[in-house]
Every structure is written in structure tokens, then in C-alpha cells.
Amino acid sequence: GAGVSQSPSNKVTEKGKDVELRCDPISGHTALYWYRQRLGQGLEFLIYFQGNSAPDKSGLPSDRFSAERTGESVSTLTIQRTQQEDSAVYLCASSLVGRAEYEQYFGPGTRLTVT
Amino acid sequence: ILNVEQSPQSLHVQEGDSTNFTCSFPSSNFYALHWYRWETAKSPEALFVMTLNGDEKKKGRISATLNTKEGYSYLYIKGSQPEDSATYLCATSHSGGSNYKLTFGKGTLLTVNP
């Protein structure tokens, strides 16, 4: 079956512009996660969705970052007024249930470069 | 702040060698541990999810063990092949209200030379 997909695969943007990243999880997966990996760092948790609600937004680095999920499916991560430190690979993952004994299935990521 | 440490940071082996990496994590309130393989330009792929102390899991030439009391897991690859070249990620979850959340180490980059 179809896995997790993300778009765009690459995005180059100028500092100060807004960007929107999209994630299509596996159908039927109630839990959805956003992570990012900056150069030389590990994967960093950003936000967790259970259904369309986000009970944990603790990893969002600033109020320029926001995310939503609709129809218990597609999620978008929006970064406003991008800064150079936002450059990273942004990964989305979904799992059947929001508990860590369940596998997370990752998308291929969006590489964001802020110039 | 949870700290998941992986060692070594990188590793070069010859085809046919067996190798292993370590993941260390806080033992308190342990809930689950995940191993992923991440090849360049691809999605991270789940290898194992482990929850029980003493657990051992195997998939082909790759196996993993878990010691929750002392806070470590080993990943073993027997007879490495060039296609095993990837970054291997370890992530753990701890109970106490956030048993959905994974904290990742920085990974071990494995290069297998033909």
C-alpha cells in the first residue's frame, strides 16, 4: 500500500518568506508526528497529532511555526517569516496508534533551505 | 531533558565483517526503544521496536538486544554488505505522560566497503 508522502521534496526560499510543507500519512493512522533534522543534529520532535488534535506542540521552536491536520489525514506545517536557522530536513511520520510500542512510518522528508 | 547517545558516530567496515553499535538511554521510566535504518535520499525504515528487558529481535542478518535496567541496546549486523551502508538511528520513549514521543540519538553512520 501507499506509504507516507511529503511535498515538496525540496524547497529553497528567501529569508522572511512563509513556507508550507505537506504530509500525507498512511490511511487509517491516527497518530502523526513532525520532526526536523538540522545539520549535524539528531531528529528533533516538533509536534504530535492524535486525530486532528495536537496534544503536544512542545517541540515547535517558536511562534513562527504552526501545524494543522484535517480529516484525520493530511497535515501541513507552516513556517512564517523563515530564518536561516530554519534550514533543515523536515520529516513526517504516522503510526496506527499514538503509543511508542507502535512503529512509526516516515515520509522521505522535505529539505528546506533558507537563503 | 532526555539524552539518547549512540556510538560510534561513524564506522567503516569491509564487506563480510560483522559489526555492532550501541545506544544508551536513561533507564528510569523506560517505555519503548526503536531502531531505524536511514539510507541517503530515502525514508527512515523501522527495523525493530522493543519494550521488554532482555528482549532480542532478529531480521535477516540484523539483530538487536535490549537492557532496560542499565539503559542500553546493541544493534548487530552479521556479514555486512555494501547495501547495509546507512545511518542507523536509535530512539526511546519514556512513560510519565508522553509515551507516544520518541527522542532520537544522532545516529551511527555505517559505510561498508566492497
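The structure we're discussing is the one just above.
Residues numbered from 1 in each chain as written. Chains lettered and ligands numbered in written order. Predicted model: local features only at pLDDT ≥ 70, side-chain atom pairs only at ≥ 80, totals over all residues. Heavy atoms only, no water.

S.K.: Pulling in residues and values, what's your account of the layout of surface pockets?
M.R.: In this approach a probe as big as a water molecule rolls over the atoms, and the regions it shows empty are the leftover space. Computed from the structure, the largest pocket encloses a volume of approximately 780 Å³. For the lining of the largest pocket, the secondary-structure elements that each account for two or more residues are strand E9 (88–95) and strand E11 (110–114) of chain A together with strand E9 (86–94) of chain B. Here the lining of the largest pocket gets four residues from one element, more than from any other, and that element is E11(A). For the second largest pocket, the calculated volume is near 540 Å³. Residue lining of the second largest pocket: 20 residues in total, with Gly42(A), Leu43(A), Leu2(B), Thr103(B) and Phe104(B) positioned closest to the centre. Those elements that provide at least two residues to the lining of the second largest pocket are strand E5 (44–50) of chain A together with strand E1 (5–7) and strand E10 (103–104) of chain B. Here the residues of the lining of the second largest pocket are counted per class, giving seven nonpolar, eight polar and five charged. (1 Å grid on protein atoms, 1.4 Å probe; cavity = no way out; pocket = protein on both sides within 12 Å on 5 of 7 lines; lining within 4 Å. Points joined across faces, edges and corners; volume = space filled by probe spheres on them. Helix = DSSP H or I, 4+ residues; strand = E, 2+ residues; numbered from the N terminus. Nonpolar A, V, L, I, M, F, W, Y, C, P; charged D, E, K, R; others polar.)

S.K.: Which residues make up the pairing of strand E6 (residues 53–56) of chain A, and what values go with them?
M.R.: Residue and element names in this part refer to chain A. Pairing between E5 and E6: two bridges, direction antiparallel. Bridging from a neighbouring strand, Tyr 48 pairs with Asp 56 of E6. Taking the residues that link successive antiparallel strands as the turn, the E5-E6 hairpin has two residues, and the phi of Gly 51 there is positive, at about 65 degrees. (Pairing = 2+ DSSP bridges.)

S.K.: I'd love a proper account of the interface of chain B and chain A, names of residues and values included.
M.R.: Taken together, the contacts link 19 residues of chain B with 22 residues of chain A. Together chain B and chain A conceal approximately 1,800 Å² of surface at their shared face, both sides included; 61% is due to carbon and sulfur atoms. Three residues stand out in chain B for area buried against chain A, namely Trp38(B), Tyr100(B) and Phe104(B), and they jointly supply 33% of the buried area on that side. Across the chain B-chain A interface, the total number found is one salt bridge. (Contact = heavy atoms within 4.5 Å. Buried area = accessible area lost by both parts, 1.4 Å probe. Salt bridge = Lys/Arg side-chain N within 4 Å of Asp/Glu carboxyl O.)

S.K.: So what's going on with the state of the cysteines? Which residues, and what values?
M.R.: All names here are of chain A. In total, this model carries two disulfides over all chains according to the counting rule given. The partner cysteine of Cys 23 in its disulfide is Cys 92, sulfur to sulfur 1.8 Å. One quick way to see it: the torsion about the S-S bond of Cys 23 and Cys 92 is about -60 degrees, and its sign makes the bridge left-handed. Separated by 69 residues along the polypeptide, Cys 23 in strand E3 (residues 19–24) and Cys 92 in strand E9 bring together distant segments of the chain. Just as Cys 23 is buried, Cys 92 falls in that class too. (Disulfide = S-S within 2.5 Å. Buried < 20%, exposed > 50% of the residue type's maximum accessible area, 1.4 Å probe, protein only.)

Structural measurements only, silent on function.
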